[in-house]
Amino acid sequence: MAINQLFHQEIRAINLGNAGFASELEGVGVEVTHLDWEPPARGQVELIAALEKLSHRPDIDAANQKAFERYASSVPILVDIGRALDVIPGMTPDTLFHAGPPLTWERMPGPMKGAVIGALLYEGRAKTPEEAAGLAASGAITFKPCHEHGAVGPMAGIISPSMPVFIIHNQTYGNDAYCTMNEGLGKVLRFGAYNQEVLDRLHWMERVLAPGLQKALRLSGSIDLRALIAQALHMGDEVHNRNKAATSLFIRTIAPYLVQAGLPSDDLADILNFINSNDHFFLNLSMPACKAMLDAAHGVKGSTMVTTMTRNGTDFGIRVSGLPGRWFTGPAQMVKGLYFPGYSEADANPDIGDSAITETAGLGGFAMAAAIAIVQFVGGTPQDALNYSNRMYEITLRENPSYSIPIFDFRGTPTGIDVRRVVENNILPQINTGIAHREAGVGQVGAGLVNPPWECFASALLALAEEYGEGGEEGRRQPAPCGNLPHPGDNYPQ
């Protein structure tokens, strides 16, 4: 066709990549089909070179298979409740654990500072909020990430020495995980509240709730959390932001033993009413269950599987199985979602909490297709929920053998985030989460969706290429330990 004939015909364009070009053409009346595409690794030469070093490698594929199998064969069971100081490795009378990667008092956001103040008041280390803040800033208190000590905590994630914690045992590999008990909604410590109502509830949980549940658990022997989570997914939960079914299943499981435990009638009624009125109670069980499973997969030489995603309200951090003891961080992102009346994004704190451990384990945002009703809480449409789960298959290693999605013909949830696939496909993990007010004590102001920062995965990929990119052999540099204790996964037999 002669070139001059082309311009006398109707033009229909296909635009690849930059949406701005499509907009310009549409502006002058041209019919445009836009393809949302960008080059692998966002076209960054250094990342593409790293991908080439780590791709088509039987040794890395075998390492990922091993890490995934360690996760998939893990059976997390609830075995007991104990005092944090007595059961969590590394806890001392002067230590507070927090959510997310390592963080100093000076860099803590409002909700976490409020939770620290509340924890010090609860422990009797201070008599006023001002005194507590001064103690926290003095250097007398040691702050450590929950994740470095086999623990997890929602939102601020503060665990103090006297707090009762669930003890989850990995029946397959022998490691334990820990989490505090969920306080409910409203003015609660995990959102940075520390008034007398909050402190009174925490002391009631220590004095009545924990001992009562402990007696019931010891009568039951143990509770298989993997089985409860699998059933809850078939009942409309994804066990991050929707835990109605899982909490109901837990009540059905524990109630007969509570009745048998010989508790005072008032305490029995208060315990059952407290759990029943708190749809999120199971969150503090699903999180350590995921933690116990993923810790078993941590520390497999050569694996590119992500074993931790977490945020502290300032930074977002990930850890990778093949690089134990190292954090890869970027700035915590703002959550996009639905706000409670009277609040907007201007009131919100950046993303915070250890609860993204659920997404790391193939639940939460990765299992939204199993919990379509959750879009009423986090925003979007039912089709969005299906799309989010479908998209996560593009960045994960396998389908989950334990957790399945009914509407996908019981296909296993996408599980085992692969750093290589995240960078190559330019797809970031999908997380659904609550939104905390940026000021301490206000509480939750909404819920929505968020993605990790790209920097976490880009830097992890470069580190993996440096460590394992030469001939499939371990690199020269050994990772420095993060924190005072080795991560539990570092000690597992390889």
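No experiment lies behind these values; they were computed from the predicted model shown. Throughout, a residue's number is its position along its own chain's written sequence, starting from 1. Where totals are concerned, whole chains, interfaces and linings use all residues; where local detail is concerned, this predicted model gives features only for residues with pLDDT of at least 70, and gives and counts side-chain atom pairs only at 80 or more. For the side-chain quantities, the full set of heavy atoms in the structure was used; hydrogens and water were omitted.

A.B. asks: Explain the pattern of salt bridges to me, please; I cannot follow it from the model alone.
C.D. replies: Each salt bridge in this description consists of a side-chain nitrogen of Lys or Arg and a carboxyl oxygen of Asp or Glu lying within 4 Å of one another. Under the definition given, this model contains 17 salt bridges. Here Arg218 makes a salt bridge to Asp80, at a shortest N to O gap of 3.1 Å. With Arg218 in helix α8 (residues 196-220) and Asp80 in strand β3 (residues 76-83), the pair connects residues that are 138 residues apart, well separated along the chain. Arg218 sits in the exposed class, given a relative accessible area of 55%. Buried means the residue's accessible area, taken with a 1.4 Å probe over protein chains only, is under 20% of the maximum for its type, while exposed means over 50%, and partly exposed covers the values in between. Its relative accessible area of 17% is what places Asp80 among the buried residues. Residue Glu439 pairs with Arg438 through a salt bridge whose shortest N-O separation is 3.8 Å. Judged by its relative accessible area of 41%, Arg438 falls in the partly exposed class. Secondary structure elements are taken from DSSP: a helix is a run of H or I of four residues or more, a strand is a run of E of two residues or more, and numbering for both begins at the N terminus.

A.B. asks: Could you clarify how one ought to interpret the side chain of Thr95 in this entry?
C.D. replies: Turning to its location among the elements, Thr95 is positioned in strand β4 (residues 95-98). Polar contact is the term for a pair of N or O atoms within 3.5 Å; when the atoms are in protein, one must be able to donate a hydrogen and the other to accept it, and sequence-neighboring residues count only if both atoms are side-chain atoms. Polar contacts involving the side chain of Thr95 include one to the side chain of Thr92, which spans 2.6 Å. Residue contacts for Thr95: discarding those within four places in its chain leaves Gly90, Thr142, Lys144, Ile159 and Pro161. Throughout, a contact is declared for two residues whenever any of their heavy atoms are within 4.5 Å.

A.B. asks: Got a minute to help me understand the sheet that holds strand β13 (residues 352-353) in this structure?
C.D. replies: In any sheet, the strands associate via hydrogen bonds between backbone groups, in a parallel or an antiparallel arrangement. Between any two strands, pairing holds if DSSP finds at least two bridges. Taking strand neighbours across the sheet as the criterion, the 4 strands line up as β11-β10-β9-β13 in an open arrangement whose pairing is antiparallel. At either margin of the open sheet sits one strand with a lone partner, and together these are β11 (328-331) and β13. With 2 bridges connecting them, strand β9 (residues 306-312) and β13 associate as antiparallel partners. Paired with Arg311 across the bridge in β13 is Gly353.

A.B. asks: It is not clear to me how the sheet that holds strand β16 (residues 431-436) should be interpreted in this structure. Could you clarify?
C.D. replies: Here we have 3 strands laid out as an open sheet, ordered β12-β17-β16, and antiparallel in their pairing. Looking at which strands have only one partner, the edges of the open sheet turn out to be β12 (336-339) and β16. Ignoring which end each strand starts from, the neighbouring axes of this sheet average 25 degrees apart. Pairing of β12 with strand β17 (residues 444-450) involves 4 bridges; the strand directions are antiparallel. What sits directly across from Gly337, in β17, is Gly448. Angular values range over 0 to 180 degrees, each being the angle between N-to-C directions of two axes fitted as lines to C-alpha atoms, with helices fitted over their stretch in contact.

A.B. asks: Help me understand helix α17 (residues 454-468) in this model?
C.D. replies: Residues spaced three or four apart along an α-helix face the same direction, because each turn holds 3.6 residues. One less than the residue count of a helix, multiplied by 1.5 Å, gives the span that helix is expected to have. If you check α17, its first and last C-alpha atoms are 21 Å apart, about what 15 residues at 1.5 Å a residue would give, namely 21 Å. Of all 15 residues in α17, 11 are buried, a share of seventy percent or more. Within α17 the residues assigned to the buried category are Trp454, Cys456, Phe457, Ala458, Ala460, Leu461, Ala463, Leu464, Ala465, Glu467 and Tyr468. Its buried side turned inward, α17 meets α3 (45-54), β9, β10 (315-320), β11, β15 (411-417) and α16 (419-425).

A.B. asks: Would you take a moment to explain unusual backbone geometry for this structure?
C.D. replies: With glycine set apart, most residues show a phi of negative sign, and most peptide bonds adopt trans. One non-glycine residue with positive phi stands out, namely Arg42, at about 55 degrees. Inspection of the secondary structure puts Arg42 in the loop between β2 (31-35) and α3. The exposure class assigned to Arg42 is partly exposed, which follows from its relative accessible area of 37%. You will see that Asp409, though not glycine, has its phi angle at about 60 degrees, which is positive. Here Asp409 is to be found in the loop between β14 (396-405) and β15.

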